[in-house]
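Close look at the chain arrangement
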Amino acid sequence: MTKLAEGFLWGASTAPHQIEGNNLNSDFWRLEGRMPGSSYSGDACDSYHRYREDMQLSADAGLTAYRFGIEWARIQPRPDLWSNAELAHYRRMIETALELGITPVVTLQHFTLPAWFADEGGMTGPTALERWRAYIERVSTILDGVEWLITINEPNMLAIMTGLAEMVTSGKLDEWVSPTVEGERAGSLVSSLPAPDPAIGSALVVLHREAVDILHARTAAKVGWSIANQALTATPGNEQQFADVSYVWEDLYLLGSRGDDFVGVQSYTSQPVDAKGIVPHPPHPDNTLTGAAYRPDALGIALRHAWEITEGVPLLVTENGIPTASDERRIEYITGALGVLLDAVDEGLDVRGYLHWSLLDNYEWGHWEPTFGLIAVDRDTFERTPKPSLGWLGEVARTHGASLTTGVRP
Ligand code: IFM
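First, a word on what this report is: a plain description of the structure on this page. (Residues numbered from 1 in each chain as written. Predicted model: local features only at pLDDT ≥ 70, side-chain atom pairs only at ≥ 80, totals over all residues. Heavy atoms only, no water.)

**What to know about the nonpolar core**
- Formed by 110 residues in total, the largest nonpolar core has its most connected members in Ile70, Met123, Leu303, Leu341 and Tyr354.
- If near-sequence neighbours (up to four positions away) are discounted, leucine 303 is found in contact with Val265, Leu315, Val317, Leu341, Ala344, Leu349 and Val351.
- Val105, Trp148, Ile150 and Phe262 belong to the second-largest nonpolar core, a separate cluster that totals 8 residues. (Core = buried A, V, L, I, M, F, W, Y, C linked by side-chain atoms within 4.5 Å. Buried < 20%, exposed > 50% of the residue type's maximum accessible area, 1.4 Å probe, protein only. Contact = heavy atoms within 4.5 Å.)

The structure is reproduced here in structure tokens:
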């Protein structure tokens, strides 16, 4: 049997804008619903008020960790206004997790920004370093007892979103393009999606390194960031193209995490690279609700690639999941993904935990249809209904992986 790391985390992940509701002072709130094809986040899952219930359901199922985020737009709704009440709210969330015996994994920035900061130019604007530093310093005051901190979620996707926002503002884009939904659809707007701009990526690396220094000085937490791992593979003869595409899409960010306490690996699907670049997912009956290929094995490719490029930074799976209406399919997907995770551990990779995306069916950046959750949420009453996959993953957690059937492993 595979020996998992002491304290291996078993949990689920969320992001504030996608579950809290009414994130009124954020740039995304201002953007959503404005263009054809985009839905509002609205009340979302009302987790702003129901976070205890969410954590309790996780703990009751047997999970040992919960990833959630702190929303900068709530902490600093105006450039000259810091909210102590909102800081206290997130402190209560941390304390609730600790009280329930759940390890909090806390993200400090997950795609959204205060709207005023976006207007200043956001993470690549002239005030970025000064504003980011002030936010990180302020938030560091409530992090006592937190062992795992993620500075920026998916900087590579954030770089795309920054490019998209610029296209919307300049009127070049008049239809909704969610990088996590339309970006996956074969033959869709994927060709017009900007690749992550390396100049934006390099600026984000600087901000990440700055946050790592501040957080190491002020907290006892392990600090890293989480990457949208593409699990790309080279087609024969296209190794150089693969290397070039990999650098732009992911390696720049993995290189930026060298020396960190951990790197967050976030994997959903896999795509080959040919002479023309990344090959879109061909239509297939097995494709997920976002049109991506069904590839539970992608996690193994992502873990090995991250391990190689970071030169052995400890790996924490901070997201892995499938948008599907079939919970049986979800369990099948996780079973496959955990199988390749165990293989990677057997090979000697240092994997510290598995956090499933997502705990709840939530707001998928302009859309509600792709359901990733272990728990269904009634959009009107906010009633939570755990799916069988929650109890199933909880059992895997309780048995430290032993409940995975032997059929999982070849
Ligand atoms: O919902 C997103 C999340 O915000 C970032 N990673 C991918 C998820 C699924 O698309």
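**Examining the sheet that holds strand β10 (residues 315-320)**
- Judged by pairing direction, the barrel is parallel, and its 8 strands sit side by side in the order β1-β2-β3-β4-β5-β7-β10-β11 before closing back on the first. Neighbouring strand axes in the sheet, compared pairwise and without regard to direction, differ in orientation by 25° on average.
- As defined by bridge partners, strand β1 (residues 9-13) adjoins strand β11 (residues 351-357) across 5 bridges and the pair is classed as parallel. Residue alanine 12 lies in a different strand from β11, and its bridge partner there is histidine 356. (Pairing = 2+ DSSP bridges. Helix = DSSP H or I, 4+ residues; strand = E, 2+ residues; numbered from the N terminus. Axes fitted to C-alpha atoms, helices over the stretch in contact; angles between N-to-C directions.)

**Observations concerning helix α7 (residues 128-139)**
- In this model α7 runs 16 Å from its N-terminal to its C-terminal C-alpha over 12 residues, within 8% of the 16 Å that 1.5 Å per residue would give.
- Along α7, the positions that sit buried rather than exposed are Ala128, Arg131, Trp132, Tyr135, Ile136 and Val139. In an axial view of α7, the angular spread of the buried residues amounts to 130°, which keeps them on one side of the axis.
- Buried-residue contacts for α7 involve α4 (72-75), α5 (84-99), α6 (115-119), β4 (148-153) and α9 (198-218). (Expected span 1.5 Å × (residues − 1). Arc of directions from axis to C-beta.)

**A word on the pattern of salt bridges**
- Under the counting rule described, the total for this entry stands at 19 salt bridges.
- Among the ionic pairs, aspartate 350 bridges to arginine 352, the shortest N-O distance being 2.8 Å.
- Looking at aspartate 350, the relative accessible area reads 23%, which means it is partly exposed.
- On the accessibility criterion, arginine 352 (24% relative accessible area) is partly exposed. (Salt bridge = Lys/Arg side-chain N within 4 Å of Asp/Glu carboxyl O.)

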